Each structure stands twice: as C-alpha cells, then as structure tokens.
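# Remarks on the overall topology
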Amino acid sequence: MAIGANSNEGDAMAAEVNLQELLEKAKRHDGEALGTLVELYRGYLTLLARTQIGRRLQGKADAADLVQETFLQVHQHIGTFRGTSEGEFLAWLRTILAGILSNHVRRYLGTQQRDARLEKALAVELDDTSGLLSQGLVADTSTPSRHATKREALVILANAMEQLPEDYRQVIMLRHLEGLPFAEVAARMGRTVPSVQNLWVRALARLKQAVGGEL
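Per-chain numbering applies: the sequence of each chain, read as written, is numbered from 1 onward. Per-residue local features of the predicted model are confined to residues with pLDDT of at least 70, and side-chain atom pairs are confined, for both listing and counting, to 80 or more; whole-chain, interface and lining totals are unaffected and use all residues. The basis for the side-chain values is all heavy atoms of the structure; hydrogens and waters are excluded.

Next up on the list: the overall build of the chain. Regarding its fold elements, the chain presents 11 helices and 0 strands. Of the regular secondary structure in the chain, the N- to C-terminal order runs α-α-α-α-α-α-α-α-α-α-α. Partitioning the intrachain contacts of the chain with sequence separation of at least 6 by distance along the chain shows that 69% fall at a separation of at least 24. In the form shown here, the chain has an accessible surface area of approximately 10,500 Å², with 49% of it arising from carbon and sulfur atoms. Numbering goes from the N terminus for both helices and strands, where a helix is a DSSP run of H or I of at least four residues and a strand is a run of E of at least two. Contacts are residue-level and defined by heavy atoms, with any inter-residue pair within 4.5 Å sufficient. For accessible areas, the Shrake-Rupley method is used with a probe of radius 1.4 Å. Any residue's cover is judged against the shown protein chains and nothing else.

Below, the discussion takes up helix α6 (residues 86-109). Multiplying 1.5 Å by the helix residue count minus one yields the expected span of that helix. Taking 1.5 Å per residue as the helical rise, α6 with its 24 residues ought to reach 34 Å, and the 34 Å between its terminal C-alpha atoms agrees with that figure. Looking one or two residues past α6, G110 carries a phi angle of roughly 80 degrees, positive in sign.

A few words now on helix α9 (residues 166-177). Within α9, burial applies to Y168, R169, V171, I172, M173, L174, H176 and L177. Downstream of α9 by one or two residues, G179 has phi in the positive range, about 65 degrees. Burial classes: relative accessible area under 20% of the type maximum marks a residue as buried, over 50% as exposed, and values in between as partly exposed (1.4 Å probe, protein chains only).

Predictor confidence is given residue by residue as pLDDT, running from a minimum of 0 to a maximum of 100. When pLDDT is averaged along the chain, the result is 82, and 82% of the positions lie at 70 or above. For the chain, per-element mean pLDDT is lowest for helix α1 (residues 10-16), which scores 46, and highest for helix α10 (residues 182-189), which scores 96. Counted against residues more than four places away or in other chains, residues 1-16, with its pLDDT under 50, gives 34 contacts.

Once that is clear, we can look at unusual backbone geometry. One non-glycine residue, H29, adopts positive backbone phi at about 65 degrees. Within the fold, H29 resides in the loop between α2 (19-27) and α3 (31-40).

Below, the discussion takes up the packing of aromatic side chains. Here is the rule: rings of Phe, Tyr and Trp (six-membered ring for Trp) pair when centre to centre is within 6.5 Å. Planes less than 30 degrees apart are stacked, more than 60 are edge-to-face, and the remainder are tilted. This structure, assessed with the given rule, holds 5 aromatic pairs. Measuring from ring centre to ring centre gives 5.6 Å for F81 and F89, while their planes differ by 75 degrees; the resulting arrangement is edge-to-face. Grouping residues by exposure puts F81 and F89 together as buried. With a centroid separation of 5.2 Å and 70 degrees between ring planes, the pair formed by F182 and W200 is classed as edge-to-face. Pair noted here: F182 is in helix α10 and W200 is in helix α11 (residues 193-211), with a separation of 18 residues, a long-range link. Since its relative accessible area comes to 15%, F182 is described here as buried. Overall, the relative accessible area of 21% leaves W200 in the partly exposed class. Here the aromatic residues Y41, F81, F89 and W92 are joined through ring pairs into a cluster of three or more. Taking the ring centre of F182 as reference, the NZ or CZ of R175 above it sits at 4.0 Å. Sitting over a ring, as applied to charges here, requires NZ of Lys or CZ of Arg to be within 6 Å of the ring centre and within 35 degrees of the ring normal. For R175, the ring lying beneath its charged end belongs to W200, and the centroid distance is 5.9 Å.

Okay, structure coming up:
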C-alpha cells in the first residue's frame, strides 16, 4: 500500500496485522510494511491535526495535507526510530506532526525563525488531546461487551470520527477534545446553546453506532 493511499480499512487492518512485526519491517525500509503501518493511524493523526487547525491556524491549513507531510517525514526518517512499541511510535508521530504544525503556524504568523518552545507546546497539546480521546471519549462511547486496549480504542474512535458529518465531528471535538462549555461551543458554531446540546447528544449516539459496539 502506498504512503499516500486513502484507506477506510484501518480498524480491520489493526485486527489483522502484527504491529511489532510491521514496525521492525518498516525500520528496515520495507515499503509495503511502512505503507500499511501509517495507514493504521491516518484517522488518528487527522483528528489531532483538526484540533490544532481550529485552535491556532483558523482554517489556514488542511488536515489531510498536514498528515501527508507527516507521512512523508515518517517515510524519510523511519530508520532513525528506535522505539519498539506502538505507544512509542504514536509518540514519535505526534512529535513529527508538532514540528509540521509549528512550521505552518510560523508561516501563518509571518515569522521565519524556528521556535523550539512552540514545537514543545504543540507536542504537549497533541499529547493532551490524545489522552482526552483515549479516556473521556472512550468512556462515553464504550459498551461492556468490548475489551479493546486503549490503543485499539484510539484508532477505532478516530476512524469513526472521520466518518461523521462535519457538524457532528465539530461539536464532539469542541466539547470533548477542547473541553469547551456548551455556551462557547454554541458561539464557535454559530448556534444556540439548546441546539448545540441536542446536536451533541445526536453526535455521540451516531459515534457510538459508528463504532458498532467495538469499544
């Protein structure tokens, strides 16, 4: 599978592949393994990128482009990755995404000099968003029948979020991933508070349906 391929089968792949084996093959520059590996996390990285576009770039960047830039750097530098676990790989992906986001923020603000503090702040924000996704949102959409690991839950949720209508995804992101009160969510979305609350309830129900009891 090519690095730039668009796939909606991330959850199915996650169930079928040996991630540690994929990591080892990818570090040896096995193109097929690397392509499969990055596709598992396209939805996850896209969701993280969307949160930062809303916070810092005011729509001046495209999440898909940011993720593609991330994958290109992964392709170029996978040989330098020294981790062995999926958690370490996810952290590495977030670090790369933070650097790319920093470059876009600097261009948006009209500054040229690299800002290590900005990169660090973005990395922390991405880590925090990932934590919110794996904890609070999983709890709100999970069922007792599922015994997924946190990693599986992250991937399943992120992929499901990407399939939601835009207003559903936005209200969940603002409420859960940015932690905004309903009044501020309503202001950001140009809606009334009761309208946003009703939308949020429907969005969570749709998300729970989308994951199909997998969480």
